[in-house]
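# Coordinate inspection notes
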Amino acid sequence: MTDRDSFLRLQARTQRFTLGAPKNFQVAPDGSRVLFQRAESGTDPRNSLWALDLATGAEKKLVDAAELLPGEEELPAEERARRERARETSGGVVGYAVDDGFRVAAFSLSGRLHTVDLVTGEIAALLDGATGAVDPRPNPAGTHVAYVRDRRLRVVELDGDADRELVTEDGEDIAWGLAEFIAAEEMSRARGYWWAPDGQSVLVERSDRAGVPKWTIADPANPAKQANVVAYPAAGEANVKVSLAFVGLDGKRVDVRAGDWEYVAAVHWSAGGNPLLAVQSRDQRRMDVVEVDPADGGTKTLHTETDPRWIEIVTGVPAWTPDGRLVRVSSADGDYRLVIDGEPVSPPGLQVRSVLNVGAQTLFSGSEEDPSQIHVYRTEPGGGVRRVSTVDGVHIGSGSAAVTVLSSWSLAHSGPEVSVLRDGEPVAAIASHTVDPELVPEPVLLTLGQRGLRAALLFPHGHRPGTKLPVLLDPYGGPHAQRVLASRNAFLTPQWLADQGFAVLVADGRGTPGRGAAWEREISRELASVTLEDQVDALHAAAERYPDLDLGRVAIRGWSYGGYLSALAVLRRPDVFHAAVAGAPVTDWSLYDTHYTERYLGTPAEDPDDYRRNSLIADAPGLERALLIVHGLADDNVFVAHSLRLSGALLGAGRPHTFLPLAGATHMTPQAEEVAENLMRVQIGWLKRELG
């Protein structure tokens, strides 16, 4: 590897060694073909659309992104926002949708609406090449394509004729067919409309952001550039008003009669029955499964689950089986159990992570005793479940129980190995073109302390036992994310950090997924104390086993929640931590969004003590250790106001610190090769100086 191709630059160029991996698989109803996206190489950011013929094993490129779009992409604002919410950094064909007969696929390329005939391979550019199209989807019958442009849902016939708005309504704060910020950022719902099974009408979201606080994101590096004003629902403030309506191709509209709910977490509409909604109360202590009647918009509650703290959203449910049985996931007994027609079908101890497909059999992902492994399972016709993935690792499943696509990540290899199974048996493979990192992590996987914290410890390659090393904690540490996973790619950055002369410890504490609802809910009202305590306990337990860890030189680094945890560490436990790099930290929870923050802390008006106890601003006068704060100035998730308020409080208290602003950077870490490399090298140089 040349100096130009240093690990850090290569990691940025390959988007963390994910470019070239096949993804977003869809299986034909007859099980004959698999569609997927993949870039030409591990350094090409543009995805093309491919098809795999399962009978012959041959791959065919259906859409060549470079041929259709040889230049740079120019994305509509709504598409840029959608990609930010999804943390999508690649380009080309980043999403597509197909009709029920698998005859046509629709996609948007640089805002231009295209279709591809899946039989002939013919590609058509609809709307005379006009730009601005977002989230196009053909109807199940394959006769029309719906899409969003200028925040309005439109529909066009497959031949490009009769393009029109489905609903016409004035007002820049109104949107039809777009998932609002909270749905896309916090509820994993990226869609804002759903075709009826007969293809003659659409269930569509209407959102109104007029009452939501407007926050401004300026670009100080370009003062002539107009500031971006966004509607941001901060904790305790108004949410976007969301409602639903059935709109026919003939223009007929039937509004859904909303019940006592704040959030529409999920929508499912298939031939198995009427549309299903998963809806939540504002405090998230109640989740209802609601059936909606398309004829009059009436609703019927089919199931209600409550919890004194919160009900977690599980993707893929609720849903109907083809014979009309309700599929959901319940955590009422502490485990996340798959429930079909009122009966739990997954065993206790198997934590259901997501439901991947509901058909005659249900395909889902989950974790058993080892939360660092994620496997794919299917229900069996005679009862019970069967594990489809057979080797240790992290497996991402798609397709159906009949034809399943597995993307398998493991500690034994870099990048994914992608296989296609028919009735659980391998029948084909899909090539992956990811770049070899030329770095082989050597994590020591540990179970630490009384709570059995899952952790990984990495030493520099060639480390000689008996040589003391400064310690660097590298956590995320918060809910909804894990760092300790049985995947080589998960430890590439920690191993690089270790090779700079550190013992690197990565630990998942309470609140992280894969260990059941009780484990997750232990952080309720106590984000700061619980998550920090687990990092300290993991550090001390690891040092007991490995005396080469020098507890006199301990640093911590992280981004987002990990940044919060890092700043928290030096502010509240200076006896343990000697330096911290806090990237994009949440420092004042009243500045973060409603759905995430209120789940754990309530509202600032009703629970002010919880906000004071878990925020960092009041701790500023007590800083006695080295702190480097890093924040992107264009961040619309954790606004730079968080870091500025902490920096201002530190300056006001006379506490020295370092603040590094990143011009033009969003909440995603910088992607430019030089910036990504230099940002990491700045951190390492700073940590080494501060630790002596």
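Residues numbered from 1 in each chain as written. Predicted model: local features only at pLDDT ≥ 70, side-chain atom pairs only at ≥ 80, totals over all residues. Heavy atoms only, no water.

What the protein chain contains, in helices and strands, is twelve helices and 44 strands. Computed over its C-alpha atoms, the radius of gyration of the protein chain comes to 25 Å, within 12% of the 26 Å expected for a compact globule of 692 residues. Overall, the C-alpha framework of the protein chain stretches about 70 × 55 × 55 Å when taken along its three principal axes. For the protein chain, the exposed surface amounts to about 26,800 Å²; the carbon and sulfur share of it is 48%. (Helix = DSSP H or I, 4+ residues; strand = E, 2+ residues; numbered from the N terminus. Rg over C-alpha atoms; globule rule 2.2 N^0.38 Å. Areas by Shrake-Rupley, 256 points an atom, 1.4 Å probe, with all protein chains shown as cover.)

What follows concerns the side chain of glutamate 520. Structurally, glutamate 520 can be placed in helix H6 (residues 517-521). Buried charge without a partner: glutamate 520 forms no salt bridge, and the closest opposite charge is arginine 521, 5.8 Å away. For glutamate 520, the residues in contact, after removing those within four places along its chain, are Trp310, Glu312, Tyr336, Gly511, Thr512, Pro513 and Gly514. (Buried < 20%, exposed > 50% of the residue type's maximum accessible area, 1.4 Å probe, protein only. Lys, Arg positive; Asp, Glu negative; His and termini not counted. Salt bridge = Lys/Arg side-chain N within 4 Å of Asp/Glu carboxyl O. Contact = heavy atoms within 4.5 Å.)

Attention now goes to the nonpolar core. Within the largest apolar cluster, 75 residues are counted, with the highest numbers of intra-cluster contacts made by Phe577, Trp589 and Leu627. Here the element with the most residues in this core is helix H7 (residues 527-545); it accounts for ten residues. If you look at the next biggest cluster of nonpolar residues, it comprises 33 residues, including Leu472, Trp496, Ala555 and Leu628. (Core = buried A, V, L, I, M, F, W, Y, C linked by side-chain atoms within 4.5 Å.)

Ordered by their spatial adjacency, four strands build an open sheet running S33-S34-S35-S36, and the pairing between neighbours is antiparallel. A strand with exactly one partner marks an edge of an open sheet, and here the two such strands are strand S33 (394-399) and strand S36 (425-430). Strand-to-strand, the axes of this sheet are offset by a mean angle of 30°, without reference to chain direction. Examined bridge by bridge, strand S35 (residues 413-422) and S36 share five bridges and lie antiparallel to one another. (Pairing = 2+ DSSP bridges. Axes fitted to C-alpha atoms, helices over the stretch in contact; angles between N-to-C directions.)

Bringing empty space enclosed by the protein into the picture now. The tally for this structure, following the rule as stated, stands at four cavities of 30 Å³ or more. Taken as a whole, the largest cavity holds about 200 Å³ of empty space. Forming the walls of the largest cavity are 17 residues, and the residues nearest its centre are Met287, Ile311, Glu312, Val317 and Val329. Mapped by element, the contributors of at least two residues to the lining of the largest cavity are strand S23 (286-292), strand S24 (299-306) and strand S26 (326-330). Here the element with the most residues in the lining of the largest cavity is S26; it accounts for three residues. A per-class count over the lining of the largest cavity returns eleven nonpolar, three polar and three charged. Approximately 70 Å³ is the volume found for the second largest cavity. As for the second largest cavity, its lining consists of Glu180, Phe181, Ile182, Pro233, Asn239, Val240, Val242, Glu262, Tyr263 and Val264. (1 Å grid on protein atoms, 1.4 Å probe; cavity = no way out; pocket = protein on both sides within 12 Å on 5 of 7 lines; lining within 4 Å. Points joined across faces, edges and corners; volume = space filled by probe spheres on them. Nonpolar A, V, L, I, M, F, W, Y, C, P; charged D, E, K, R; others polar.)

A word on the pairing of strand S42 (residues 579-583). Here S42 lies mainly inside the structure; five of its five residues are buried. By the alternation rule, side chains of S42 split into Ala579, Val581 and Gly583 and Ala580 and Ala582, which are all buried. As defined by bridge partners, strand S41 (residues 549-559) adjoins S42 across five bridges and the pair is classed as parallel. Note on S42: the bridge partner recorded for isoleucine 556 is alanine 580. A crossover connection joins S41 to the parallel S42 through helix H8 (residues 561-572); in handedness this β-α-β unit is right-handed. (Right-handed = clockwise from strand over helix to strand, strands pointing away.)

Backbone torsion omega between valine 317 and proline 318 reads 5°, so that peptide bond is classified as cis. Following the sequence through the fold, proline 318 ends up in the loop between S24 and strand S25 (319-320). In this structure, glutamine 15 is a non-glycine residue whose phi angle is positive, near 50°. Among the structural elements, glutamine 15 can be located in the loop between helix H1 (7-13) and strand S1 (23-27). Backbone geometry places aspartate 341, a non-glycine residue, at a positive phi of 55°. Topologically, aspartate 341 is positioned in the loop between strand S27 (337-340) and strand S28 (343-344).

Another aspect to go through is the sheet that holds strand S8 (residues 112-117). With antiparallel pairing, four strands are arranged side by side in an open sheet as S6-S7-S8-S9. Whereas interior strands pair on both sides, the edge strands pair on one side only; in this sheet they are strand S6 (96-98) and strand S9 (123-125). In this sheet, adjacent strand axes meet at a mean angle of 25° when their direction is disregarded. Sheet analysis places S6 next to strand S7 (residues 104-109), joined by three bridges and oriented antiparallel. Paired with tyrosine 96 across the strands is phenylalanine 107, a residue of S7.

Turning our eyes to something else, we now look at the environment of proline 437. As for its placement among the helices and strands, proline 437 is situated in the loop between S36 and strand S37 (444-448). Of the residues examined, proline 437 reaches a relative accessible area of 1% and is grouped as buried. Once the C-alpha coordinates of proline 437 and leucine 10 are considered, the two residues, 427 residues apart in sequence, prove to be 7.6 Å apart.

UniProt feature "domain: Peptidase S9 prolyl oligopeptidase catalytic" (unreviewed entry): in the numbering of this structure it lies at residues 493-691. Each end of residues 493-691 is marked by a C-alpha atom, and these two atoms are 20 Å apart; helix forms 45% of the span and strand 17%. (UniProt positions renumbered as here; feature names shortened; annotations may be inferred.)

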